[in-house]
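# What the coordinates show
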Amino acid sequence: DAIATAQASNGYQCKVLDVSSFRTNNALAQQMHIASDRYIFKGVFLHFDRNKPIQYQEILVNSVLVPAFIKQNFNKITADAYLKWILPATSTDYNISAAVANEDQKHYLELLEEDNACLKIVKRHWLDGVLVSNSVAVHAGQQYQLVADVSDAQK
């Protein structure tokens, strides 16, 4: 985890780009598994390691389950750490994929035109079958690689 590594090295910083509340439309209500026209919270964060942007994150939070989310100081604690502390998930699912950065993500991650390939991690936290949060984190792709040493151990 890039954020945990940055925190361990004392190089971590977070810039809060937005924390707001708004009513859901039908599509967003379906995505969040809540009734339409309900309020949810949205947080947009830029995470840094030694002043270099390492992650752009947008998170949607069920305001009924986590009513104080919007009042937190996310310069001191990450949204994920706060949610884990206040309402530990009973299950979490991940979707990890390659993605092309959108214009905001390119800007905030300081990507060059040739560096627009990103690692995208969608993470959903559930509490007893109810969706607590839906987070989309984007990382500059050139910072990651998958290395495997595949040995024939059954010779």
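Remember, it's a predicted structure, so these values are computed and weren't measured experimentally. (Residues numbered from 1 in each chain as written. Predicted model: local features only at pLDDT ≥ 70, side-chain atom pairs only at ≥ 80, totals over all residues. Heavy atoms only, no water.)

## Some words on the environment of I54
When you line up the elements, I54 lands in strand β3 (residues 52-62). The class for I54 is buried, based on a relative accessible area of 7%. Sequence-wise, I54 and V138 are 84 residues apart; in three dimensions their C-alpha atoms are separated by 8.4 Å. (Helix = DSSP H or I, 4+ residues; strand = E, 2+ residues; numbered from the N terminus. Buried < 20%, exposed > 50% of the residue type's maximum accessible area, 1.4 Å probe, protein only.)

## Points about the pattern of salt bridges
Summed over the entire model, instances satisfying the criterion amount to 5 salt bridges. A salt bridge links D93 to R124; the nearest nitrogen and oxygen atoms lie 3.0 Å apart. Placement of D93 in strand β4 (residues 91-100) and of R124 in strand β5 (residues 117-127) is noted, with a sequence separation of 31 residues between them. (Salt bridge = Lys/Arg side-chain N within 4 Å of Asp/Glu carboxyl O.)

## Description of the packing of aromatic side chains
For the structure shown, the criterion picks out 7 aromatic pairs. With centroids separated by 6.4 Å and ring planes inclined at 55°, the aromatic side chains of F69 and Y82 adopt a geometry described as tilted. Remark: Y82 occurs in helix α3 (residues 79-86) and F69 occurs in the loop between β3 and α3; sequence separation between them is 13 residues. Grouping residues by exposure puts F69 and Y82 together as buried. Centre to centre, the rings of F74 and Y82 are 6.2 Å apart; their planes meet at 80°, and the pair counts as edge-to-face. Take F74: its relative accessible area is 2%, and that puts it in the buried class. (Phe/Tyr/Trp six-rings, centres within 6.5 Å; stacked < 30°, edge-to-face > 60°.)

## Here's the deal with the sheet that holds strand β6 (residues 130-140)
Strands pair in a sheet through their backbones, by hydrogen bonds, and they do so in one of two ways: parallel or antiparallel. What the 6 strands build is an open sheet, ordered β1-β2-β3-β6-β5-β4; its pairing is antiparallel. At either end of the open sheet lies a strand with only one pairing partner, and these are β1 (12-23) and β4. Along the sheet, successive strands turn relative to each other by an average axial angle of 15°, direction set aside. Here β5 pairs with β6 via 10 bridges, running antiparallel. Each bridged residue has a counterpart across the sheet, and for L119 the counterpart in β6 is H139. Of the strands in this sheet, β2 (39-49), β3, β5 and β6 are in contact with α3, which crosses β3 at around 40°. (Pairing = 2+ DSSP bridges. Axes fitted to C-alpha atoms, helices over the stretch in contact; angles between N-to-C directions. Contact = heavy atoms within 4.5 Å.)

## A short note on the nonpolar core
Ranked by size, the top nonpolar core spans 18 residues in total, and within it F45, I59, V61, V66, F69 and L83 carry the most contacts. Contributing elements (two or more residues each) for this core: α1 (2-8), β1, β2, β3 and α3. With sequence-adjacent residues up to four places away left out, V66 is seen in contact with F41, V61, Y82, L83, I86, L87 and V132. Counting 10 residues, the second-largest nonpolar core is a separate cluster that includes F48, Y56, A101 and V138. (Core = buried A, V, L, I, M, F, W, Y, C linked by side-chain atoms within 4.5 Å.)

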